[in-house]
Amino acid sequence: MSTVEKTPSQWRVYRSYHSPFDPCSPRTRYFNVPPNVLQPFQTSARKQFAPHEALRKGTLWPEYYSPYPPETRGGEAE
Amino acid sequence: MKAIWIYEKKLQYPVRVSKCDPKLAKMLIEQYGGADGELSAALRYLNQRYSIPDKVIGLLTDIGTEEFAHLEMIATMVYKLTKDATPEQLRAAGLADHYVNHGHALFYHDAAGNPWTATYIQAKGDPIADLYEDIAAEEKARATYQWIIDNTDDPDIVDSLRFLREREVVHSLRFREAVEILKEYNSTKKMF
Ligand SMILES: [Fe+2]
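Residues numbered from 1 in each chain as written. Chains lettered and ligands numbered in written order. Predicted model: local features only at pLDDT ≥ 70, side-chain atom pairs only at ≥ 80, totals over all residues. Heavy atoms only, no water.

Draft legend 1. Spotlight on the overall build of chain B. Per the secondary structure count, chain B includes eight helices and zero strands. The N-to-C order of helical and strand elements in chain B reads α-α-α-α-α-α-α-α. Along the longest, intermediate and shortest principal axes, the C-alpha atoms of chain B span 70 × 30 × 30 Å. When each of the 192 residues of chain B is scored for burial, the buried share is 47%. (Helix = DSSP H or I, 4+ residues; strand = E, 2+ residues; numbered from the N terminus. Buried < 20%, exposed > 50% of the residue type's maximum accessible area, 1.4 Å probe, protein only.)

What follows is the structure, encoded as structure tokens:
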């Protein structure tokens, strides 16, 4: 697989108030801000994935690639 | 308007299932007959396109058609996960109520068993209202894929679901662009 240039993180972190009487241990929470939200209009002359890789990833454009599972959270995961 | 569909007897993206996990079928059915599932998406877009400005019709046709391709991928996953399951296994997976009504057939309902309904979708006849609904629908479908991915450790299923999730990202992008195109309609009007 080709390497994607380091793009700004698509993950945001938040915490909610945790009382000492809450039954479960506190959890840092994350939500995804996908690239279509960060950059809602395509510009021209951009980098592309190789055709086969694009078919597998679901997009031709590295800047619009949004990997999901937690391990791809770029070191921010719990 | 003339629309032509060409049916190719293969999936948009290969679907492989490596783990016998009928419980996952119960979750996947959310994207089959759920409010933010692929059936809702396909029917919403293919219906809205009749009353949307010309420049955006093609986009709704493209994406609506692709949603049917996604529907087939989900159907394939559900089918593979349930076709060899015994009634006992289906019961253990929480699918006994599905089984008594539908046997091993698929049906359009969500993960909690609510049947699909047209009230899940809308055509307001107002281009901006319709496109904002479409953007919201894509973000909700993206989130649904996230929560399904969180609930399986089958790497092959995850691979297909990640593909489907990325397509929702791309669809949302293209609907956002369609809104920009509609804004342009106003500025070109000034030329007259
Ligand atoms: Fe979509």
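From this point on, the discussion continues.
Draft legend 2. Examining the packing of aromatic side chains more closely. Scanning the model with the defined rule gives seven aromatic pairs over all chains in all. With centroids separated by 4.2 Å and ring planes inclined at 15°, the aromatic side chains of Tyr13 of chain B and Phe163 of chain B adopt a geometry described as stacked. Of this pair, Tyr13 of chain B sits in the segment before helix 1 (22–28) while Phe163 of chain B is found in helix 8 (residues 155–189), placing the two residues 150 residues apart along the sequence. No difference in accessibility class separates Tyr13 of chain B from Phe163 of chain B, as the two residues are buried. The ring of Trp61 of chain A has Arg46 of chain A sitting right over it, with the charged end atom 3.8 Å from the ring centre. (Phe/Tyr/Trp six-rings, centres within 6.5 Å; stacked < 30°, edge-to-face > 60°. Lys NZ or Arg CZ within 6 Å of the ring centre and 35° of its normal.)

Draft legend 3. The interface of chain A and chain B, seen in detail. The interface of chain A with chain B comprises 22 residues on the first partner and 21 residues on the second. When chain A packs against chain B, close to 1800 Å² is buried across both sides, 52% of that on carbon and sulfur atoms. Of all residues in chain A, Asn36, Arg56 and Tyr68 of chain A give up the largest surface area on contact with chain B, accounting jointly for 34% of the area buried on that side. Asp159 of chain B serves as the salt-bridge partner of Arg56 of chain A, at 3.2 Å between the closest nitrogen and oxygen. Remark: the boundary between chain A and chain B carries eleven residue pairs in polar contact (both at pLDDT 80 or more). Among the secondary structure elements, those contributing two or more residues to the side of chain A that touches chain B are helix 1 (35–38) and helix 2 (51–57) of chain A. Taken together, the residues that form the side of chain A that touches chain B break down as twelve nonpolar, eight polar and two charged. (Contact = heavy atoms within 4.5 Å. Buried area = accessible area lost by both parts, 1.4 Å probe. Salt bridge = Lys/Arg side-chain N within 4 Å of Asp/Glu carboxyl O. Polar contact = N/O pair within 3.5 Å; in protein donor to acceptor, adjacent residues only side chain to side chain. Nonpolar A, V, L, I, M, F, W, Y, C, P; charged D, E, K, R; others polar.)

Spatial relationships are all this shows, so hold off on functional conclusions.
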